[in-house]
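What follows is each chain in one-letter form.
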Amino acid sequence: MLRKIRITLATIFLLGLTFLFLDFTGTAHTWLGWMAKAQALEAVLALNVVVIIALVVVTLVFGRIYCSVICPLGILQDIFGWIGKKAKKNRYSYSKELKWLRYIVMGLFIIAIIAGIGVFFQLLAPYSAFGRIMSSIFQPLYMLGNNVLAGIAERADSYTFYSVDVWIKSLPVLIIAVVTLIALIILAWRNGRTYCNTICPVGTVLSLLARHSLLKIRFDADKCKNCSLCTKNCKASCIDFKTHTIDHSRCVVCGDCIKSCKFGALKYTSPTSHASGTSPSAPTDSSRRSFLLASALATTALAQKKLVDGGLAPIKAKQAPGRVTPLTPPGSLSASNMEKHCTGCQLCVTKCPNNVLRPSTDLTSLMQPVMSYEKGYCRPECTLCSEVCPAGAIKLIDKAEKSSIQIGHAIVTIGECISAQGRDECGNCERHCPVGAIEMVPSDPDDDLSPYVPAVNEAACIGCGACEYVCPVRPFSAIHVEGHEVHRKI
Amino acid sequence: MNNNHSKNNQAGCGLSRRSFLKVLGAGAAAAVAACAGKKSTDAAADDYKNQVEPPVGKMTYRTNPTTGDKVSLLGYGMMRLPTKEGTEDFDQDMINRQIDYALEHGVNYFDTSPVYCRGLSERCTGIALARHKDKRKDFFVATKLSNFSPDFQSAEGAKKMYHDSMSELQVDYLDYYLLHAIGGSMEEFDKRYVTNGIMDFLLAEREAGRIRNLGFSFHGRQDVFDEVLAMHDKYHWDFVQIELNWLDWNYANEINSGNVDASYLYAELQKKGIPAVIMEPLLGGRLANVPQYVVSELKQREPEKSIASWAFRYAGTPEGVLTVLSGMTYMEHLKDNLLSYCPLTPLTEEEQQLLDTKIAHQMMEEELIPCNACQYCMPCPYGIDIPAIFTHYNKMKTEGRLPSDKGSAEYRRQRREYLISLDRTIERDRQPDHCIKCGRCISEKHCPQSIRIPAEMDRISKFIEELKRDA
């Protein structure tokens, strides 16, 4: 029974969180956003008191079920472990708790959070690791699949699916995600929950509570025949059948041991109660299919080149200017707020409909979202990233608020501007500025016929990047946005 | 636009297939007697074939009063040549095949220009026609002095363009030679043809027989038309090429104040006895892609004829028309047009009025952007896909899918479909928001429809922006 409930809940959470990361239409978070907000570390960083209290209570009552049903990385490892067990039955063994390692890692982790060393804790944080795997490996596959459907839909004159840009937003993050995934597959395949019980700082913190939880898996030494099957099936390596002890700091309450015991010697009970009914009914394998589906859909996108008799002038793709101060999205308050709160889960990156957000490749803010405007700009009607962020790194803002938050300001490079150089009349930046911060003015104040140059009112500019995006100068726009370390309300 | 044309053809075929089946069914039911069934089946199959396969030897011809040329009423416009699928390379095999087919069915007039199809039209036409060199006398080659660029406005430059045309077309004389796109201003006319002495050169070439007919093509202002036409006494224009179709007959000026109604142009030519060559009979396909109520009205009268056929019959009906040019990209276009002219069944006066007065008036209320996708404005130096943007806009408008009424139930769906179809049709970087309004499309290039392209781009860009904001 325990196992069945665990598998059902875990399936729901894994599918929900996976879809939350795969979805690029900005609709899934309305229904599934709470699953991200229920993540422990993110709730702590966001000072989400309700979630924190709920998780503490749940753990004090039920043990570390968080690790089995809410944490997507934990569930993911269970899938790899399950495959590993198919390959070789009864493959686990008991091992002693590596307390020194757990506490050192947790200590370093806490220090890293306080000191704002983002890279370190983002690498170790479980939900971020899951987010990176989903956003850099599986979302692109999902999108390619979508694009195939969009190609078919187009032929059928249907608007159910539309094509989206698939691009590598950050190579370092992709590499980190691939390495993380491979490491997890190997670890989980061979030894189950090694990562959760040695490295994962969330696991360590929860284990402090779980040692004292009300409900626990308990041994009935009288019934035990020392067959060792429970130990051999414990992915947490926490059952010592010889001494009839269970290390509850590592037990994630999966219930596999209960199922493996043929003599009913293991029960999930409170200290007072005596064993009630057990139901060793055959487990059903309902969950597993989940996310590998996406890879099946991976095929090349349909190339759609328009044929035009007059010919099209070639266009150079835009390139990101080297921004001295990186741009962080409206709602993130400041670069330091971002560094302190962001766990690098990439959820905002997967949601950005304008191809603006991507993970930073800068070492100090590695994997945290930064903005750039080659493929689009931060459009005024969109506040998706602020809606989905579970860690309080991007605070919730509304549309009206957004247009008054200054995240940076535009700078004109006169030598490149085609209007200023008198090559062509332009003024596209002026026409597209959503806050009217740009005005085309004659370069010679005494000559109204002199070439016009864009004049940016820095006080009114919000740094949305519309000007940079529509600037005809390629590959480097003649007007670009520099970020502000601290955002301002104007 | 071409797709729409062929779609309409398909619609036409579908209808005829259905009626064919009806005939078949009726035939079978009636044929209780032996062998009657077989006979009617054969007849029906023939009927069916006749509806898509134009007959040989039935082409309607018009006579050129000056040279006595018997010119086919359908002329082949080489402005919209087929390309190989997925590329921008022109499909010479297809061009050859279509020209062969056209010749076989009596088409003998081929119209090109040094600037068409990224400058490759003359070469492609020349290659196709050179295969019929032995019958050079049987077909007529028309090309133009398209000296829009200042480089070709000097005497040497213009002569080079003229001689290059002959070598590209692989001919030693030109049957019809046109001063290309007269109508902007008299200063421009003088600069291109008079002050550089080219007009005298061309007259001498006509005298020498290397130009058999000299004329001009016209898009633009009425005063320029009047003045250039008045030069008939001096130059003797053998023919004039004008835009004529059932929308431009009465409404060209209303669509665009810089244009002249076809009814006026044609009447003026008639007064002087100058034959008219017709261009844009289908308005770049727009008259084949009309609102559903027009489709219903026309199909009720001629259920088995395509919508495009009405436009061709309309353009070919006036007796003063020498030939009607059509840029037939696909074999289906060619066949459908041949069916309209092999032979021509002229429209009755009532039918003409239905089109150029009643339906044209209704269409005018639709306020489309009068773009024919002729590509004269292209390539935009900043990479904007101008014709595709206008075509997309017009398509959504004629199909009644332009999101306009925010309160309506349709609005959300229409908004989504507009934005998705825009991205499907045009790359992001080539969409209207990237138009910088430099105006080169109308200053350096030339829009025969005098569309204020930058202003229209700005308008559509703002429209799209509004849709996007309304998330």
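Look a little higher up for the structure.
Residues numbered from 1 in each chain as written. Chains lettered and ligands numbered in written order. Predicted model: local features only at pLDDT ≥ 70, side-chain atom pairs only at ≥ 80, totals over all residues.

Colleague: Go over unusual backbone geometry with me, naming the residues and quoting the values.
Modeller: Glycine aside, residues mostly have negative phi angles, and peptide bonds mostly take the trans form. Here Arg-474 of chain A and Pro-475 of chain A are connected by a cis peptide whose omega angle stands at 0 degrees. Relative to the helices and strands, Pro-475 of chain A is located in the loop between helix H21 (466-470) and strand E10 (479-489). With a phi angle near 60 degrees, Ala-181 of chain B is a residue other than glycine that sits in the positive phi range. Secondary-structure assignment places Ala-181 of chain B in strand E6 (residues 174-182). One non-glycine residue, Lys-437 of chain B, lies in the positive phi region at around 60 degrees. (Helix = DSSP H or I, 4+ residues; strand = E, 2+ residues; numbered from the N terminus.)

Colleague: For the sheet that holds E6 of chain B, give the residues involved together with the corresponding values.
Modeller: Residue and element names in this part refer to chain B. Reading around the circumference, E3-E4-E5-E6-E7-E8-E9-E10 is the order of the 8 strands in this closed barrel, with parallel pairing throughout. This sheet shows a mean twist of 30 degrees between the axes of neighbouring strands, independent of strand direction. Alignment of E6 against strand E7 (residues 211-218), held across 6 bridges, turns out to be parallel. Paired with Ile-182 across the bridge in E7 is Phe-218. (Pairing = 2+ DSSP bridges. Axes fitted to C-alpha atoms, helices over the stretch in contact; angles between N-to-C directions.)

Colleague: Describe the interface of chain B and chain A, listing the residues and the values that go with them.
Modeller: The interface of chain B with chain A comprises 32 residues on the first partner and 25 residues on the second. Elements with a contribution of two residues or more to the side of chain B that touches chain A: helix H4 (116-119), helix H17 (386-398), helix H18 (411-425) and helix H20 (453-469) of chain B. Broken down by element, the side of chain B that touches chain A gets its largest block of residues, 5 residues, from H18 of chain B. Here the residues of the side of chain B that touches chain A are counted per class, giving 12 nonpolar, 6 polar and 14 charged. (Contact = placed C-beta atoms within 7 Å. Nonpolar A, V, L, I, M, F, W, Y, C, P; charged D, E, K, R; others polar.)

Colleague: So what's going on with the environment of Gly-383 of chain B? Residues and values would help.
Modeller: Its location among the elements puts Gly-383 of chain B in the loop between helix H16 (349-364) and H17. In this structure, the C-alpha to C-alpha distance between Gly-383 of chain B and Cys-435 of chain B, residues 52 residues apart in sequence, is 8.5 Å. When residues no more than four places from it in sequence are discounted, the contact partners of Gly-383 of chain B are Leu-312, Ala-313 and Ile-315 of chain A together with Asp-429 and Arg-430 of chain B.

Colleague: Break down the environment of Phe-241 of chain A for me, citing the residues and quoting the values.
Modeller: All names here are of chain A. Along the chain, Phe-241 falls in the loop between strand E2 (239-240) and strand E3 (245-246). On the neighbour-count criterion, Phe-241 (23 C-beta atoms within 10 Å) is buried. Each C-alpha atom of the pair Phe-241 and Thr-231 lies 6.2 Å from the other, and the pair is 10 residues apart in sequence. (Buried ≥ 20, exposed ≤ 12 C-beta atoms within 10 Å, placed from the backbone.)

Colleague: Outline the pairing of strand E1 (residues 216-219) of chain A, supporting the account with residue identities and numerical values.
Modeller: All names here are of chain A. By the alternation rule, side chains of E1 split into Ile-217 and Phe-219, which are all buried, and Lys-216 and Arg-218, of which none is buried. Bridge analysis of E1 against strand E4 (residues 266-269) gives 4 bridges, and the strand direction is antiparallel. Counterpart to Arg-218 in the pairing with E4 is Lys-267.

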